[in-house]
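Structural characterization, general
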Amino acid sequence: MYGSTIYPFNFCNRNGIPMIETSQVTVTAQDVIYTIPNKAFRSLNDKGLVLLRIKQAVPSGTTATLPVALSSNSVLQPVTRVGGADATVEQVSPVGIYLAYYDKSGSTMQVIE
């Protein structure tokens, strides 16, 4: 696991883009939820770029059109695509690293394609 309890992220290049890793994936009838560390955005600026490292595969047989959300501190944050449409399992499911724009005050986590 990267980071620490004070800074639950790490910089992938010298003071560059921070990276947040998922710790689990949960599938419900409404969405697919990736859990990220509590207070993951606490030490980050209000807006910026972040690398989202998805470490868990979505279970096979999961509906590809389910929307994806992040959970931190028991709060769900929908993940969107450019234009504001929900990101789906089909678009954000392979294990890997995704570049995303976040806005804490606007409650936005948008995957950049």
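A brief structural summary. Just so you know, these numbers come straight off a predicted model, no measurement behind them. (Residues numbered from 1 in each chain as written. Predicted model: local features only at pLDDT ≥ 70, side-chain atom pairs only at ≥ 80, totals over all residues. Heavy atoms only, no water.)

1. Brief notes about the overall build of the protein chain
Scanning the protein chain from N- to C-terminus turns up 0 helices and 10 strands. Listing each helix as α and each strand as β along the protein chain from the N terminus yields β-β-β-β-β-β-β-β-β-β. Looking at the 113 residues of the protein chain, the share that counts as buried comes to 40%. Partitioning the intrachain contacts of the protein chain with sequence separation of at least 6 by distance along the chain shows that 65% fall at a separation of at least 24. For the protein chain, the exposed surface amounts to about 6,400 Å²; the carbon and sulfur share of it is 52%. (Helix = DSSP H or I, 4+ residues; strand = E, 2+ residues; numbered from the N terminus. Buried < 20%, exposed > 50% of the residue type's maximum accessible area, 1.4 Å probe, protein only. Contact = heavy atoms within 4.5 Å. Areas by Shrake-Rupley, 256 points an atom, 1.4 Å probe, with all protein chains shown as cover.)

2. A short note on the environment of isoleucine 54
Inspection of the secondary structure assignment puts isoleucine 54 in strand β5 (residues 47-54). What makes isoleucine 54 buried here is its relative accessible area of 1%. Sequence separation of isoleucine 54 and valine 92 is 38 residues, and the distance between their C-alpha atoms is 8.7 Å. Apart from residues no more than four positions distant in its own chain, isoleucine 54 is found in contact with Thr22, Tyr34, Val92, Pro94, Val95, Gly96 and Tyr98.

3. Let's talk about the nonpolar core
Grouped together as the largest cluster of nonpolar side chains are 23 residues, with contacts concentrated most on Phe41 and Met109. Those elements giving two or more residues to this core turn out to be β4 (32-35), β5, β6 (68-72), β9 (96-103) and β10 (108-111). For phenylalanine 41, the contacting residues outside a window of four places in its chain are Ile20, Ile36, Tyr102, Lys104 and Met109. (Core = buried A, V, L, I, M, F, W, Y, C linked by side-chain atoms within 4.5 Å.)

4. Quick word on the side chain of glutamine 110
Relative to the helices and strands, glutamine 110 resides in strand β10. Of note is the side chain of glutamine 110, whose polar atom sits 3.1 Å from the backbone oxygen of arginine 81. (Polar contact = N/O pair within 3.5 Å; in protein donor to acceptor, adjacent residues only side chain to side chain.)

5. Brief notes about the sheet that holds strand β3 (residues 24-27)
The strand order across the open sheet built from 4 strands is β3-β4-β6-β7, with neighbouring strands paired in mixed fashion. Looking at which strands have only one partner, the edges of the open sheet turn out to be β3 and β7 (75-78). Neighbour-to-neighbour, the strand axes of this sheet turn through a mean angle of 30°, independent of strand direction. Where β6 meets β7, 4 bridges bridge the pair, whose relative direction is antiparallel. When the bridges of β7 are listed, alanine 69 appears paired with proline 78. (Pairing = 2+ DSSP bridges. Axes fitted to C-alpha atoms, helices over the stretch in contact; angles between N-to-C directions.)

6. What to know about the environment of lysine 47
Assignment of secondary structure puts lysine 47 in strand β5. Judged by its relative accessible area of 46%, lysine 47 is partly exposed. With residues up to four places along the chain from it excluded, the contact list for lysine 47 reads Tyr101, Tyr102, Asp103 and Ser105.

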